[in-house]
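Residue-level listing of the chains:
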Amino acid sequence: MATASEGLEPEEAAAAAEDTAGPAAEAVGAGPGPPPLLAGNRLNLDLYPKGCYWLLQLCAQRPPQLLLQVEFLRLSTHEDPQLLAATLAQVPWGRLRLRSLVLKGGHSRGALGACLQGTLTTLPTSLSGLARLAHLDLSFNSLETLPACVLRLRGLDALLLSDNRLAELPETLSALTALTFLTVTHNRLHRLPRALGALSTLQRLDLSRNLLDTLPPEIGGLSSLRELNLASNRLQSLPDSLVGLRSLQLLVLHSNALTSVPAGLAHLPRLTRLDLRDNQLRDLPPELLGAPFVRLQGNPLGEALPDAPSSPGTSQVPEMPRLFLTSDVDSFPVTPQGCSVTLAGGVRMQFPAGATTVPVTIHYRLWLPEPDLISLGPHDSLLSGVLELRPHGVAFHQDVGLWLLFVPPRTRRCWEVVVRTRRGNSWSDLETHLEEEAPKRLWARCQVPHFSWFLVVLRPVSNACLVPAEGTLLCSSGHPGVKVTFPPGATEEPRRVSMQVVRMAGRELRALLEEPEAAASPLLCLSQSSSSSFLRPVTVQLPLPPGVTGFSLDRSRLHLLYRAPPAASWDDITTQVVLELTHLYARFQVTHFSWSVPAWLSQPLLRSACTAHLAADSSRYWLWYTTKTCVGGLAKKAWERLRLHRVNLIALQRRRDPEQVLLQCLPRSKVEATLQRLQERYRGPEPSDTVEMFEGEKFFAAFERGINVDADRPDCVEGRICFVFYSHLKNVKEVYITTTLDREAQAVRGQVSFYRGSVPVEVPQEAEAARLRKGMDTLWMATLPIKLPRLRLAEGRRPGTGLSLAPLNLGDAETGFLTQSNLLSVASRLGPDWPAVALHLGMPYRELQRIRHEFRDDLDGQIRHMLFSWAERQAGQPGAVALLVQALEQSDRQDVAEEVRAVLELGHHKYQDSIRRTGLVPEAAAVPGASAAQPAEPAQA
């Protein structure tokens with residue numbers, strides 16, 4: 001069997017080893033018992049391994065007064081089987097007043113992250129003496145048969161047997177007459193006892209993930225049953241007695257082999273949800289067809305041929321509509337029948353039948369990510385664009401599935417992918433599942449709780465727990481040894497606490513400190529949902545830095561550092577806490593997760609931590625070992641180094657159209673592959689020197705020395721192109737450039753420079769920019785050469801001569817339009833590709849031949865005549881601009897299509913601003929990312 005320490009680093013394996021031995025060794029010599037784990041009448045022995053030693057010590061006391069007052073007992077079964085059996089045999093069960101007993105495995109994980117089963121195979125007969133026991137949890141164990149002592153617990157209300165090896169349940173199960181909750185999920189059950197129907201008080205029954213192929217008719221005798229889960233079995237039919245379950249509210253039957261269901265299920269008076277997904281149903285009783293509470297996805301319903309006669313009394317379910325939308329901004333209807341929608345940019349949505357009772361129009365939009373629109377923690381990385389779904393806050397009767405496509409990161413160890421959503425002004429992470437489509441294509445799947453903004457984020461593994469009044473333990477799943485212990489009485493009201501752990505490479509730290517023996521522990525980020533302090537000290541445990549042990553370290557070189565945003569500095573709090581050192585760990589106690597810097601000698605004050613999933617709103621602890629006496633400034637540099645990405649900047653020109661320039665910022669590891677992919681179509685200088693950038697950092701590109709941007713773009717300010725760097729996105733833009741210099745005389749040798757930050761209000765002139773590059777200013781990052789070759793005109797032609805074009809506008813003001821200048825810009829880009837564009841626009845081939853003959857030896861004249869003659873025919877026609885964009889895409893001129901979209905977007909924004917100034921749209925309806933939480937509704941002309 002795989003152990004939890006397999007595949008770990010040496011220091012992690014050592015930490016895991018001490019996790020196994022340390023608490024047990026402390027328990028043996030702990031004196032009268034384990035008071036940190038005892039909270040009133042609750043004894044939690046599953047917080048640490050070797051809990052059997054604690055329990056044996058309590059049993060050894062004479063009299064065992066402390067044990068006799070326990071009513072709630074939890075014990076992990078990840079023990080040696082003989083030790084576990086001996087311990088349970090020595091407990092005086094008949095003298096205990098237990099109401100809840102949890103003997104559970106699943107606390108340890110294997111090398112692949114799967115929960116490991118406990119070693120419990122049986123129970124002592126003396127356990128039947130627990131006359132007051134109402135709750136028994138034996139999940140995640142190795143039980144092959146149900147122990148006989150369990151069947152003598154006549155007062156048992158809840159019995160949990162999930163994740164065992166049970167092949168059957170005994171007929172004597174009917175003896176548990178008080179049972180209301182029974183779960184036997186994920187076992188090996190082939191059949192059910194007939195006596196199961198005698199449990200008249202049973203309200204919830206979960207038999208999912210077993211091997212059941214039939215159900216006994218007696219199951220219809222469960223008169224009080226409200227929830228029945230039979231998912232993931234081998235059922236081919238259901239007994240008609242199920243229609244007698246008059247109290248049934250939830251019936252889950254997905255992932256079976258059912259070919260039919262009893263018609264009477266539609267008449268159960270309290271049934272609110274019937275899940276029949278992924279079965280073999282080909283027809284269904286008419287009463288269930290279209291019912292809002294029935295889920296039918298994954299069944300071959302309606303697959304019969306259209307002309308095949310249907311038998312009397314049967315009906316076919318119409319196939320769910322499937323929509324494929326290619327625009328970044330669009331809308332689609334959702335009816336009670338449901339639909340499957342595929343959106344542009346790698347987005348899928350599944351609206352099940354019954355999700356809505358009335359038709360609803362859903363508006364969607366794909367936004368470019370901007371720091372003002374999204375929320376990232378200090379170590380988060382963005383993996384997708386931003387999807388907006390409206391109306392915001394809309395609710396559905398069925399869960400709506402959302403799939404977002406992203407390119408997986410290179411490293412996944414101790415990191416996780418989540419879908420992040422925004423509601424109002426707060427962000428939260430949804431429960432996310434990954435589905436692989438191809439080696440480099442993954443889908444992030446989640447259930448949408450509301451309509452708002454959604455994006456995919458890579459974050460350090462987050463562990464969270466709800467801290468009750470009786471206390472608990474929070475451990476890091478990715479970094480052994482990082483733990484936070486909340487003692488009983490630490491809080492009166494339950495509060496949620498989350499933890500993230502980030503590791504820094506030792507060689508980077510040693511290079512930063514210029515000290516060969518320097519080391520640091522993992523960085524711990526803690527946050528909580530409450531603004532009040534803890535009533536009792538909370539114990540934080542960090543592993544000692546690699547290579548350092550508690551027996552040999554020099555305490556004068558050990559520094560405990562602390563930082564709480566928005567402060568940028570790290571404070572050395574070593575003298576403000578009592579550091580307890582073991583062989584591998586350092587432990588200290590705090591009553592708050594945030595410290596008041598001006599009052600080090602008083603109790604530290606708690607800072608409210610909002611949006612607990614973000615490490616940016618957390619308190620951070622970091623253990624350093626170095627000879628430096630003042631390490632706060634060095635820790636700040638190390639903190640920034642953890643967040644930096646090493647990138648290169650490139651500027652390439654299209655080989656057959658040098659006026660088209662591709663600008664890109666990409667991680668250093670992707671430069672070579674990107675250039676190899678682009679070298680057939682582009683050429684240009686070598687990439688810039690390596691630059692360090694933060695996730696979400698803004699920068700801009702400025703064309704200099706006589707070169708400027710040729711188009712009016714929304715992301716362009718006075719010829720400066722704005723960027724935002726995201727490590728896992730493309731960070732690429734294609735622009736067209738122009739010059740006022742005389743290209744007939746000579747080529748134009750210009751350049752493009754990259755600067756940090758947003759475009760300043762006063763854009764620096766070229767002379768000032770050159771001075772900044774030569775000085776110590778850190779805003780300048782790189783400069784790359786750009787060359788426009790000498791312009792060669794056709795013999796006998798003069799600039800400005802040729803086709804006489806009538807002024808026209810294509811499109812409309814609300815959605816954006818193309819002016820004569822815009823069409824000229826499009827014409828100047830097409831080059832030899834213009835015939836393909838013309839054919840996709842619907843022009844006949846004979847007309848193309850006529851244009852070629854009329855403007856022979858004049859390529860520019862051919863292109864302009866084709867485009868403007870088509871535009872004149874389209875004047876006043878709706879959808880003309882969309883047709884042009886589609887023709888450009890079909891002709892493999894995505895670059896020109898994107899430029900047209902940018903012009904339309906700019907026109908749309910100008911139109912919105914103009915009607916807002918006239919009072920037709922309230923000021924609050926702003927573009928997301930400005931300040932308002934709600935987006936602007938589409939203007940009604």
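Bear in mind that the values here come from a model prediction, so they are computed numbers and not experimental data. (Residues numbered from 1 in each chain as written. Predicted model: local features only at pLDDT ≥ 70, side-chain atom pairs only at ≥ 80, totals over all residues. Heavy atoms only, no water.)

> Mind showing me how you'd approach unusual backbone geometry here?
The phi angle of most residues is negative, glycine excepted, and most peptide bonds adopt the trans form. The omega torsion of the bond from Arg390 to Pro391 falls at 5 degrees, within 30 degrees of zero and hence cis. Structurally, Pro391 can be placed in the loop between β19 (386-390) and β20 (400-406). Positive phi is not limited to glycine here, since His186 has a value of about 55 degrees. Inspection of the secondary structure assignment puts His186 in the loop between β7 (181-183) and β8 (204-206). A positive phi angle is found at Glu514, which is not glycine, with a value near 55 degrees. Note that Glu514 resides in the loop between α5 (506-513) and β30 (519-520). A residue is classified by how much of its surface remains accessible, and Glu514, at 71% relative accessible area, is exposed. (Helix = DSSP H or I, 4+ residues; strand = E, 2+ residues; numbered from the N terminus. Buried < 20%, exposed > 50% of the residue type's maximum accessible area, 1.4 Å probe, protein only.)

> Is there a simple way to think about the pairing of strand β36 (residues 585-590) in this case?
Side chains on a regular strand alternate between the two faces of the sheet. For β36, a buried count of five out of six residues is recorded, marking the element as mostly surrounded by other parts of the structure. Counting the residues that bridge the hairpin from strand β35 (residues 580-581) to β36 gives three residues. (Pairing = 2+ DSSP bridges.)

> Where do I start with the sheet that holds strand β28 (residues 483-486) in this structure?
Sheets are built from strands paired through backbone hydrogen bonds, the pairs being either parallel or antiparallel. In space, the five strands of this open sheet follow the order β27-β28-β32-β36-β35, with antiparallel pairing throughout. Each edge of the open sheet carries a strand with a single partner, namely β27 (472-475) and β35. Here β28 pairs with strand β32 (residues 538-543) via three bridges, running antiparallel. Residue pairing across strands places Thr485 opposite Thr539, the latter belonging to β32.

> I tried to follow the side chain of His450 on my own but got confused; where do I start?
Structurally, the position occupied by His450 is in the loop between β24 (441-448) and β25 (453-460). Within the structure, His450 has its side chain in polar contact with the side chain of Thr421 (distance 3.2 Å). (Polar contact = N/O pair within 3.5 Å; in protein donor to acceptor, adjacent residues only side chain to side chain.)

> Explanation requested: helix α12 (residues 859-874) in the structure shown.
Taking 1.5 Å per residue as the helical rise, α12 with its 16 residues ought to reach 22 Å, and the 23 Å between its terminal C-alpha atoms agrees with that figure. Of all 16 residues that make up α12, 12 are buried, and the element is covered over most of its length. Considered for burial, the residues of α12 that qualify are Gly861, Gln862, Ile863, Arg864, His865, Met866, Leu867, Phe868, Ser869, Trp870, Ala871 and Gln874. (Expected span 1.5 Å × (residues − 1).)

> Got a minute to help me understand the pattern of salt bridges in this structure?
Opposite charge on two side chains permits pairing when their charged atoms draw close. Scanning the model with the defined rule gives 22 salt bridges in all. Between Arg42 and Glu470 there is a salt bridge, with its nearest N and O atoms 4.0 Å apart. Within this pair, whereas Arg42 is found in strand β2 (residues 42-45), its partner Glu470 is found in the loop between β26 (462-467) and β27, the two being separated by 428 residues in sequence. Glu388 is the partner of Arg390 in a salt bridge, and the nearest nitrogen-oxygen pair spans 3.7 Å. Residue class for Arg390 comes out buried when judged on its relative accessible area of 11%. Salt bridges sharing common partners tie together Asp380, Glu416, Arg420, Asp429 and Arg459. (Salt bridge = Lys/Arg side-chain N within 4 Å of Asp/Glu carboxyl O.)

> Teacher, can you tell me more about the environment of Ala638 here?
Along the polypeptide, Ala638 turns up in helix α6 (residues 632-643). For Ala638 and Met504, which are 134 residues apart along the polypeptide, the C-alpha to C-alpha distance reads 8.3 Å. With residues near it in sequence (within four places) discarded, Ala638 still touches Met504, Leu509, Leu512, Trp622 and Trp624. (Contact = heavy atoms within 4.5 Å.)

> Is there a simple way to think about the environment of Val184 in this case?
Its location among the elements puts Val184 in the loop between β7 and β8. Separated by 23 residues in the primary sequence, Val184 and Leu161 have C-alpha atoms spaced 4.8 Å apart. Other than its neighbours up to four places away in sequence, Val184 contacts Leu161, Ser162, Leu166, Leu169, Leu189, Asp206, Leu207, Ser208 and Asn210.

> Can you help me understand the sheet that holds strand β48 (residues 780-788) in this one?
Taken in spatial order, the five strands line up as β44-β45-β42-β47-β48 in an open sheet, and their pairing is antiparallel. What marks the edges here is a single partner per strand, and that holds for β44 (716-717) and β48. Strand direction decides the pairing type here: strand β42 (residues 698-704) and strand β45 (residues 720-724), joined by five bridges, are antiparallel. Looking at the pairing, Phe700 lines up with Cys722 of β45.

> Please clarify how the environment of Val903 should be interpreted in this entry.
By the secondary structure assignment, Val903 is in helix α14 (residues 894-917). The exposure class of Val903 is buried, given its relative accessible area of 13%. For the pair Val903 and Asn822, spaced 81 residues apart in sequence, the C-alpha to C-alpha distance is 8.1 Å.

> I tried to follow the packing of aromatic side chains on my own but got confused; where do I start?
Given two aromatic rings, one states the distance between the centres and the angle between the planes to describe the pair. Scanning all chains against the criterion turns up 14 aromatic pairs. Centroid distance Phe332 to Tyr364: 6.2 Å. Interplanar angle 45 degrees. Geometry classified as tilted. With Phe332 in strand β14 (residues 329-334) and Tyr364 in strand β17 (residues 360-367), this pair connects stretches of sequence that are 32 residues apart. Pair check on accessibility: Phe332 and Tyr364 agree, each one buried. Relative to Trp624, the ring of Trp622 lies with its centre 5.3 Å away and its plane at 85 degrees, an arrangement referred to as edge-to-face. For Trp622, a relative accessible area of 0% corresponds to the buried category. Using a relative accessible area of 0% as the deciding quantity, one classes Trp624 as buried. These aromatic residues form a ring-pair network of at least three members: Phe332, Phe351, Tyr364, Phe396 and Phe451. Just above the ring of Phe181 sits the side chain of Arg204; from NZ or CZ to the centre is 4.4 Å. Over the face of the ring belonging to Trp453 we find Arg422, whose NZ or CZ atom lies 5.2 Å from the ring centre. (Phe/Tyr/Trp six-rings, centres within 6.5 Å; stacked < 30°, edge-to-face > 60°. Lys NZ or Arg CZ within 6 Å of the ring centre and 35° of its normal.)

> Please explain the packing of helix α9 (residues 820-830) against α12 as it appears in this structure.
Two packed helices can be described by the angle between their axes and the distance between those axes. For the pair α9 and α12, interaxial distance at closest approach is 9 Å and the crossing angle is 140 degrees. As far as their axial angle goes, α12 and α9 are oblique. The element α9 and its partner α12 pack so that their crossing is right-handed. Between α9, through Gln820, Leu823, Leu824, Val826, Ala827 and Leu830, and α12, the contact on the second element is made entirely by Ile863, Arg864, Met866, Leu867, Phe868 and Ala871. Tallied by class, the residues present in the contact of α9 with α12 amount to 10 nonpolar, one polar and one charged. (Axes fitted to C-alpha atoms, helices over the stretch in contact; angles between N-to-C directions. Parallel < 35°, antiparallel > 145°, perpendicular 65-115°, else oblique. Left-handed = near helix turned anticlockwise from the far one by under 90°. Nonpolar A, V, L, I, M, F, W, Y, C, P; charged D, E, K, R; others polar.)

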